[in-house]
Amino acid sequence: MQRQTTQRVAIENAFTAAGRPLGPQEILEAARDEVPSLNLATVYRTLKRMVDDRILHPVELPGESPRYELQEAADKHHHHFRCRKCDAVFDLNGCVNGLSKLLPAGFQMSGHDIVIYGDCRACNA
Ligand SMILES: [Zn+2]
Ligand SMILES: [Zn+2]
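The model shown is predicted, which means the values in this text are computed figures rather than measured ones.

Q: Sorry if this is basic, but what is going on with the side chain of Thr46 here?
A: Take Thr46: it is sitting in helix H3 (residues 40–52). For Thr46, the contacting residues outside a window of four places in its chain are Gln7, Arg8 and Ile11.

Next up, the structure:
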């Protein structure tokens with residue numbers, strides 16, 4: 001039980017330090033400093049439990065295996081930016097007005113999903 005708590009704390013710390021959604025491999029690399037015994041299977045298992053416990057929330061991008069973000073971040077309406085060079089995903093604050101103007105007459109919008117693709121600051125430098 002103690003071991004599991006340590007793993008969870010290390011994974012949560014990885015998210016806090018990164019400040020952006022992370023995939024299992026990124027989580028492993030970030031959390032392994034704290035928990036050297038961590039491996040990918042453990043990360044997957046712990047992620048599933050943390051999603052069940054509503055600590056983490058899956059971030060689904062079209063055609064990609066899920067990344068994760070803290071539930072408290074997911075609770076605020078926001079969108080994502082995906083770097084086409086390093087594959088990292090970042091949070092975007094705010095939203096776009098006027099999306100309903102795109103709809104044909106007689107349609108009603110119930111939600112939307114926006115992903116912006118491009119180069120992140122590090123890759124663009
Ligand atoms: Zn990048
Ligand atoms: Zn939005």
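Q: What's the story with the packing of helix H1 (residues 2–18) against H3 in this structure? I'm lost.
A: The angle between the axes and the distance between the axes are what describe a pair of packed helices. Two numbers describe how H1 lies on H3: the axes approach to 10 Å, and their chain directions differ by 85°. Between H1 and H3, the crossing angle belongs to the class labelled roughly perpendicular. Contacts between H1 and H3 pair Gln4, Gln7, Arg8, Ile11 and Glu12 from the former with Thr42, Thr46, Leu47, Arg49 and Met50 from the latter. Class assignment for the residues of the contact of H1 with H3 results in 3 nonpolar, 4 polar and 3 charged.

Q: Where do I start with the sheet that holds strand E5 (residues 115–118) in this structure?
A: Hydrogen bonds between backbone groups are what pair the strands of a sheet, and the pairing can be parallel or antiparallel. Taken in spatial order, the 3 strands of this open sheet run E4-E3-E5, and their pairing is mixed. Looking along the sheet, the strands with just one partner apiece sit at the ends: strand E4 (89–92) and E5. Neighbour-to-neighbour, the strand axes of this sheet turn through a mean angle of 25°, independent of strand direction. As defined by bridge partners, strand E3 (residues 79–83) adjoins E4 across 4 bridges and the pair is classed as antiparallel. Bridge pairing in E4 places Arg82 opposite Val89.

Q: Can you walk me through the domain arrangement of the protein in this structure?
A: Size of an interface, as often reported, equals the accessible area lost when the parts are brought together. As far as domains go, the protein holds domain 1 (2–74) and domain 2 (79–124). For domain 1 and domain 2, the distance between their C-alpha centres works out to 23 Å. Taken together, the 9 residues of domain 1 in the interface contact 9 residues of domain 2. The contact between domain 1 and domain 2 buries some 780 Å² in all, and 53% of this surface belongs to carbon and sulfur atoms. At the junction of domain 1 with domain 2, the criterion picks out 1 salt bridge. The residue Arg82 makes a salt bridge to Glu64 at a minimum N-O spacing of 2.5 Å. Counting the contacts that link domain 1 with domain 2 gives 4 residue pairs in polar contact (both at pLDDT 80 or more).

Q: When you look at the coordination of the zinc ion (ligand 1) in this model, what are you seeing that I'm missing?
A: Each donor-metal-donor angle in an ideal tetrahedron of four donors is 109.5 degrees, and each such angle in an ideal octahedron of six donors is either 90 or 180 degrees. Cys83 (SG), Cys86 (SG), Cys120 (SG) and Cys123 (SG) make up the full set of protein donors to the zinc ion (ligand 1), lying at 2.3 to 2.4 Å. One can describe the site at the zinc ion (ligand 1) as tetrahedral: its 4 donor atoms subtend angles covering 105 to 118° at the metal. With a relative accessible area of 38%, Cys86 lands in the partly exposed category.

Parameters and conventions
Here the residue numbering is sequential within each chain, running from 1 through the sequence in written order. As a convention, the first chain written is A and the first ligand written is 1, with the rest following in written order. In view of the model being predicted, local features appear only for residues whose pLDDT reaches at least 70, and side-chain atom pairs are presented and counted only at 80 or more, with totals across whole chains, interfaces and linings using the full set of residues. With hydrogens and water stripped out, all remaining heavy atoms of the structure feed into the side-chain values. The helix count covers DSSP runs of H or I at least four residues long, the strand count covers runs of E at least two residues long, and both are numbered beginning at the N terminus. Residue contacts follow a heavy-atom distance rule, with two residues in contact if any of their heavy atoms lie within 4.5 Å. Angles here are taken between N-to-C directions and fall from 0 to 180 degrees, while the axes themselves are lines fitted to C-alpha atoms, restricted in helices to the stretch in contact. In this scheme, roughly parallel covers angles under 35 degrees and roughly antiparallel covers those over 145, while 65 to 115 is roughly perpendicular and the rest are oblique. Any residue outside Ala, Val, Leu, Ile, Met, Phe, Trp, Tyr, Cys, Pro, Asp, Glu, Lys and Arg is labelled polar, Gly included; the first ten of those are nonpolar and the last four are charged. When DSSP finds two or more bridges between two strands, those strands count as paired. The domain boundaries here were taken from an automatic or database domain assignment. Accessible area that two parts lose when put together, evaluated with a 1.4 Å probe and summed over both, is termed the buried area. Salt bridges are defined by distance alone: a side-chain nitrogen of Lys or Arg within 4 Å of a carboxyl oxygen of Asp or Glu. Under the rule applied, a polar contact is a pair of N or O atoms within 3.5 Å (in protein, one hydrogen donor and one hydrogen acceptor; residues adjacent in sequence only if both atoms are side-chain atoms). Each metal site is built from N, O and S donor atoms within 2.8 Å (3.2 Å for Na, K and Ca), and since water is not included, such sites may look incomplete. Only two sets of limits are used to name each site, 85 to 135 degrees for every angle of a tetrahedral four-donor site, and over 155 degrees for opposite donors with all other angles from 65 to 115 for a square planar four-donor or octahedral six-donor site, with any other site named irregular. A simple rule labels every residue: compare its accessible area, found with a 1.4 Å probe on the protein chains alone, to the largest value its type can have, and call it buried under 20%, exposed over 50%, or partly exposed in between.

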